[in-house]
Protein chains: 2
Amino acid sequence: MKRNSRLSLALHTLGHMAADSKHMRTSADIADHAGTNPVVVRRVLGKLREAGLLTSEKGHAGGWRLARAAQDITLADVYLALDERLVASSPNDDVPTCVVEHRLQNKITAVMEEIERSLIERLSKTNIAEVQDIPEPSHG
Amino acid sequence: MKRNSRLSLALHTLGHMAADSKHMRTSADIADHAGTNPVVVRRVLGKLREAGLLTSEKGHAGGWRLARAAQDITLADVYLALDERLVASSPNDDVPTCVVEHRLQNKITAVMEEIERSLIERLSKTNIAEVQDIPEPSHG
DNA sequence: TACTAATGCAACCACAAAAGTTACGAGTGC
DNA sequence: GCACTCGTAACTTTTGTGGTTGCATTAGTA
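All of the points below concern the structure found in this document. Just so it is clear, the structure is predicted and the values come from calculations on it, not from any experiment.

Cut-offs used in this document
Numbering of residues starts from 1 in every chain and runs along the sequence as written. Chain A is the first chain written and ligand 1 is the first ligand written, with later ones labelled in order. At least 70 in pLDDT is required for a residue's local features to be given in this predicted model, at least 80 for side-chain atom pairs to be given and counted, and no such filter applies to totals for whole chains, interfaces and linings, which use all residues. Side-chain descriptors were evaluated using all non-hydrogen atoms of the structure, hydrogens and water having been removed beforehand. Only a single heavy atom is needed: when it lies within 4 Å of a molecule or strand, its residue is near that molecule or strand. Here a polar contact is taken to be a pair of N or O atoms separated by no more than 3.5 Å, where protein atoms must pair a possible hydrogen donor with a possible acceptor and residues adjacent in sequence count only if both atoms sit in side chains. A run of DSSP states H or I qualifies as a helix once it reaches four residues; a run of E qualifies as a strand once it reaches two. Both are numbered from the N-terminal end. Lys, Arg, Asp and Glu make up the charged group, whereas Ala, Val, Leu, Ile, Met, Phe, Trp, Tyr, Cys and Pro make up the nonpolar group; the residues left over, Gly among them, are polar. At least two bridges found by DSSP between two strands are what make those strands a pair.

## Some words on the protein's contact with DNA strand D
- Neighbouring DNA strand D are 25 residues, the closest being Ser5, Thr36 and Arg43 of chain A together with Ser27 and Arg49 of chain B.
- Near the protein, within 4 Å, the atoms of DNA strand D are sugar or phosphate in 63% of cases.
- A distance of 2.3 Å is found between a phosphate oxygen of DNA strand D and a side-chain nitrogen or oxygen belonging to threonine 36 of chain A.
- At 3.2 Å from a base nitrogen of DNA strand D is found a side-chain nitrogen or oxygen belonging to arginine 42 of chain B.
- Elements supplying a minimum of two residues to the surface near DNA strand D: helix H1 (5-19) and helix H3 (38-50) of chain A together with helix H3 (38-50), strand S1 (54-57) and strand S2 (63-66) of chain B.
- Considering each element in turn, the surface near DNA strand D owes the most residues, four residues, to H3 of chain B.
- Its residues assigned to classes, the surface near DNA strand D shows five nonpolar, 11 polar and nine charged.

Okay, here's the thing in structure tokens:
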């Protein structure tokens, strides 16, 4: 599997849910569709639940559902929910030896944070309903 | 160390070089500054050389130098040189079982590619000279 | 109550990616 | 020839992550 399979799994699941938002899905069903394991699905979807994007219910008729309208869930919400930050600022965590290094590190951190802000801003312009653009309601 | 230590190492090194672009640096010096290993430095900087951002010279007075002006090296150049793609489109490489899945996968791929394009565009707006804004030429 | 089906979670294993390390060949200047 | 540097291959160690198993908990249903 690829590096950001979690993001991919999240988007696929949310895309499916957006297509039929009333339907309650179990982690086993989702795992089947994604070709993975129910526990892995619960791990990833658990993050989305913590972020308020999904709700889950235990018990006999339990499963997963969107916590709000698909139009109100943006890619930025998903990205932040998974808290996989694009930017890791410092190569070594110890304090830099020289002043130049110290200032350079601050500058690089500032620049990368700016980059990440603009990435998030771009992500916030696309929502889950746009990811899913299927006209037919029928599933296969 | 963090996940994207390569990007971080590249930016720190380029930042230093931009501050004093005539100075030839050895991988040992750079490794000392970065708190890592000369071979690791050569690995990462080798990618930047392949992309035409740096030049290296063997032998007694050898080392590394910027291949062109710091103003002409953007963060996009560095990002692309390291070819660590932000986006991995499909969670499983096999063909989707249902039509909905197939269309969803295509859509997600398209959206993520658009996101990456806009990220690269943003990165191309910042160059190495901007990363390094130290007025003093003295080193510590 | 008993049974079944679902999440929640912890503990592990397996695999892959990456850093770190060692070693050596090849070029370059003294 | 010697010292110094990059280039690269091979290996080890570390780390991240998916996968797996097991079990407690919750909820519906007979």
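After that view, the rundown keeps rolling.
## Thoughts on the pairing of S2 of chain B
Residue and element names in this part refer to chain B.
- In the sheet, S1 pairs with S2 via four bridges, with the strands oriented antiparallel. Bridge assignment links glutamate 57 to a residue of S2, and that residue is glycine 63.
- Between the antiparallel neighbours S1 and S2 lie five residues, among them glycine 59 with a positive phi of about 90°.

Any functional reading would require information beyond the geometric quantities listed.
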